[in-house]
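Architecture and fold: a report
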Amino acid sequence: MKLSADSVIASDKIRRYLLVPRRANDKSKFLAAAGYTRENWEKLEQDIRSAVADKEAVESRSDEHGTFYEVRTNWQTPNGRNISVVT
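Notes on the structure follow. Computed from a predicted model, the values in this text were never measured in an experiment. All residue numbers refer to positions counted from 1 along the written sequence of the respective chain. Totals for whole chains, interfaces and linings use every residue, but because this is a predicted model, local features are given only for residues with pLDDT of at least 70 and side-chain atom pairs only at 80 or more, for both listing and counting. Where side-chain values are given, they derive from all heavy atoms of the structure, hydrogens and water being excluded.

Let's shift gears to the overall build of the protein chain. Secondary structure elements follow DSSP: runs of H or I no shorter than four residues count as helices, runs of E no shorter than two count as strands, and numbering proceeds from the N terminus. Along the protein chain, the regular secondary structure elements total 3 helices and 4 strands. Its helices and strands in sequence order give the protein chain the pattern α-α-α-β-β-β-β, from N to C terminus. Atoms considered for the radius of gyration are the C-alpha atoms alone. The globule rule reads 2.2 Å times the number of residues to the power 0.38. In terms of overall dimensions, the protein chain is globule-like: its C-alpha atoms have a radius of gyration of 13 Å, near the 12 Å expected for 87 residues. Under the scheme applied here, a residue whose accessible area is under 20% of the maximum for its type counts as buried, over 50% as exposed, and between as partly exposed, the area being computed with a 1.4 Å probe on protein chains only. For the protein chain, the residues scored as buried account for 25% of the 87 residues in total. Accessibility throughout is a Shrake-Rupley quantity obtained with a 1.4 Å probe, and a residue counts as covered only by protein chains that appear here. Put simply, the protein chain shows about 6,100 Å² of open surface, and 49% of that area lies on carbon and sulfur atoms. Residues scored as charged are limited to Lys and Arg (positive) and Asp and Glu (negative), so that His and the chain ends carry no count. To locate a charge, take NZ of a lysine, CZ of an arginine, CG of an aspartate or CD of a glutamate. Averaging the positions of the 15 positive and the 13 negative side-chain charges in the protein chain gives two centres separated by 6 Å.

A separate point is the side chain of threonine 73. Secondary-structure assignment places threonine 73 in strand 3 (residues 72-76). Taking relative accessible area as the criterion, threonine 73 reaches 6% and is therefore assigned buried. Excluding its chain neighbours within four sequence positions, the residues that come into contact with threonine 73 are Ala51, Lys55, Ile83, Ser84 and Val85. It only takes one pair of heavy atoms within 4.5 Å for two residues to be counted as in contact.

Moving on, we get to the pairing of strand 4 (residues 82-86). Successive residues of a regular strand alternate their side chains across the two faces of the sheet. The alternating pattern of strand 4 places Ile83 and Val85 on a buried face, while none of Asn82, Ser84 and Val86, on the opposite face, is buried. One ladder, built from 5 bridges, connects strand 3 with strand 4; its direction is antiparallel. Considered in strand 4, the bridge of tryptophan 75 is made with isoleucine 83. Here the rule is simple: two strands pair whenever DSSP picks up at least two bridges between them.

Here the focus is the pairing of strand 1 (residues 58-63). Here strand 1 pairs with strand 2 (residues 66-70) via 5 bridges, running antiparallel. Along strand 2, the bridge assignment pairs arginine 61 with phenylalanine 68.

In terms of nonpolar packing, the biggest core is built from 13 residues, with Ile14, Leu18, Leu19, Leu31, Tyr36, Leu44 and Trp75 touching the most fellow members. Contributing elements (two or more residues each) for this core: helix 1 (11-18), helix 3 (41-52) and strand 4. Element by element, the count of residues in this core is highest for helix 3, at 4 residues. If sequence neighbours within four positions are ignored, tyrosine 36 has contacts with Leu19, Leu31, Lys43, Leu44, Asp47, Trp75, Gln76, Thr77 and Pro78. Definition of nonpolar core: a set of buried residues of the types Ala, Val, Leu, Ile, Met, Phe, Trp, Tyr and Cys, connected through side-chain atoms within 4.5 Å.

Quick look at a nonpolar patch on the surface now. Within the patch definition used here, like charges are joined within 9 Å and nonpolar side chains (Val, Leu, Ile, Met, Phe, Trp, Tyr) within 5 Å, considering only residues with over 30% relative accessible area and no salt bridge. Put simply, a salt bridge is a Lys or Arg side-chain nitrogen that is within 4 Å of an Asp or Glu carboxyl oxygen. A cluster of nonpolar side chains, namely Met1, Leu3 and Tyr69, defines an oily patch on the protein surface of about 270 Å² accessible area. Relative accessible area serves as the criterion here: at 48%, methionine 1 is assigned to the partly exposed category.

Remark: helix 1 packs on helix 3, axes separated minimally by 10 Å, with the N-to-C direction vectors making an angle of 120 degrees. Overall, the two elements helix 1 and helix 3 adopt an arrangement that is oblique. Relative to helix 3, helix 1 is oriented so that their crossing is right-handed. Of helix 3, the residues touching helix 1 (which contributes Ser11, Ile14, Arg15 and Leu18) are Trp41, Leu44, Glu45 and Ile48. Three residue categories are used. Nonpolar comprises Ala, Val, Leu, Ile, Met, Phe, Trp, Tyr, Cys and Pro, charged comprises Asp, Glu, Lys and Arg, and polar comprises the others, including Gly. A class-by-class count of the residues in the contact of helix 1 with helix 3 yields 5 nonpolar, 1 polar and 2 charged. All axes here are fitted lines through C-alpha atoms, helices being fitted over the stretch that makes contact, and every angle between N-to-C directions spans 0 to 180 degrees. Orientation is classified from the angle alone, with under 35 degrees giving roughly parallel, over 145 giving roughly antiparallel, 65 to 115 giving roughly perpendicular, and any other angle giving oblique. Left-handed describes a crossing whose near helix is turned anticlockwise from the far helix through less than a right angle; right-handed describes the clockwise counterpart.

Dropping the structure here:
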């Protein structure tokens, strides 16, 4: 399945979850090392959208919250690093 170009990505998910340090499942350190911060969260959203455009989303699991899909991608980050990401 391909994701729609206008898929919803809640800005709070990026600003208040992905880019905020957490005790468990912390993604902020990985993203900070790539050059993403709360100050440039729009760049992260843009890069996520660009990375998944025209890629197949594969069902990864289902639970009481619904069905989860993932897209495995590689992209160049604000600080010039190439990273592998599962979105």
